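# Report on the structure
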Amino acid sequence: MHVQALARKVTSKSQVRCSFGSSKDNHSRSGIDDVNGFVTPPSYGTFVIVQISPDSKLFDALRFLLGDRARAGDFELSLYGKDGSVLQGRPSIVCLPVDTEEVRQIVAVCRQHERPFLARGSGTGLAGGAVPVGDPVIIATAKMNKIIEVDLENRIAWVEPGVLNLDLTKELTPLGFHFAPDPSSQQVCSIGGNVANNSGGPHCLAYGVTSAHVAAIEVVLPDGSVTVLGDLSADPPGYDLKKLGVVHQIH
Ligand SMILES: Cc1cc2nc3c(=O)[nH]c(=O)nc-3n(C[C@H](O)[C@H](O)[C@H](O)COP(=O)(O)OP(=O)(O)OC[C@H]3O[C@@H](n4cnc5c(N)ncnc54)[C@H](O)[C@@H]3O)c2cc1C
């Protein structure tokens, strides 16, 4: 129990502490001068490196799934602890999926381990939406950055959520089109983030904000199932549920 408790503390601070045997030895850490004047280290019990953490099984499962695209290094945990706001948190693990199936499996693993998860695009949000609270697993869409298809006839582009806003317009400009929502952060913000935040910019005064330009989204629901919200018709019937879930394909 002691090791578990200590491990929990270590994990939350993301440090691995080394301790010498029993804590009762702590009072006698100073060396003892031998006859030659050298300091002989006192003998302690087993040298223990505390590595067990409540997240280790979860991390193992995500590593099995994603290889080195599941990360828990200090650099990543610190980087993904912030967005464009003044807030700061710390995730437990950062995942970089490349497709829908991987997102689905990450969500399923989190659910199995009863851990929260949080989608993240480029981390430019100003409201702290991508700041982790309560050690969640971050699902970062940076590697889901393909423009899958451009259907000019129907004026529909099929994109993954990590596509950068301006990259879509760059792709469309030679064809005589553009993606109207243009937040000032458009060089770096993701379309998944635009959808989640319903972002806008100067063009939106004429053409409407992001929600006016999203026909359908494929989402992973918290139970790990995948569904499509919306469709390609101009005015689909029923509730407009497109802003729920982890977006991972946008049409
Ligand atoms: C310099 C600067 C200028 C800006 N200018 C504007 C502006 O003109 N107009 C404007 O509206 N905003 C602006 N913003 C805010 C920000 O850029 C936008 O809100 C942008 O849409 C966020 O996209 P992101 O990829 O960075 O999202 P993130 O910051 O990564 O995430 C934002 C929110 O979206 C969620 N999210 C991200 N991806 C997904 C996904 N795939 N599925 C589900 N949820 C997801 C996150 O959980 C989080 O809650 C600006 C920000 C900066 C730093």
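Just above, that's the structure.
The following paragraphs examine the structure supplied in this document. (Residues numbered from 1 in each chain as written. Predicted model: local features only at pLDDT ≥ 70, side-chain atom pairs only at ≥ 80, totals over all residues.)

## Details of the pairing of strand β8 (residues 137–140)
Residues V137 and I139 point to one face of β8 and I138 and A140 to the other, with burial holding for every one of them. Sheet analysis places strand β6 (residues 93–95) next to β8, joined by 3 bridges and oriented parallel. Note on β8: the bridge partner recorded for V94 is I138. The pairing of strand β7 (residues 117–120) with β8 spans 4 bridges and is classified as parallel. Across the sheet, the residue bridging to L118 is I138, located in β8. (Buried ≥ 20, exposed ≤ 12 C-beta atoms within 10 Å, placed from the backbone. Helix = DSSP H or I, 4+ residues; strand = E, 2+ residues; numbered from the N terminus. Pairing = 2+ DSSP bridges.)

## Examining helix α4 (residues 100–112)
The terminal C-alpha atoms of α4, which comprises 13 residues, lie 18 Å apart, in line with the 18 Å expected from a rise of 1.5 Å per residue. When α4 is considered as a whole, its buried residues turn out to be E102, V103, I106, V107, V109 and C110. Around the axis of α4, the buried residues are gathered within 160 degrees of arc, so they sit on the same side. Of the residues trailing α4, E114 is marked for its positive phi of about 55 degrees. (Expected span 1.5 Å × (residues − 1). Arc of directions from axis to C-beta.)

## Observations concerning unusual backbone geometry
Backbone geometry at E114 places phi at a positive 55 degrees, although glycine is not the residue there. Looking at the secondary structure, you find E114 in the loop between α4 and β7. Positive phi, normally seen in glycine, also occurs at R155, with a value near 55 degrees. You can see R155 is positioned in the loop between β9 (147–151) and β10 (156–159). When the 11 C-beta atoms within 10 Å are taken as the criterion, R155 is described as exposed.

Just distances and angles here, no functional claims.
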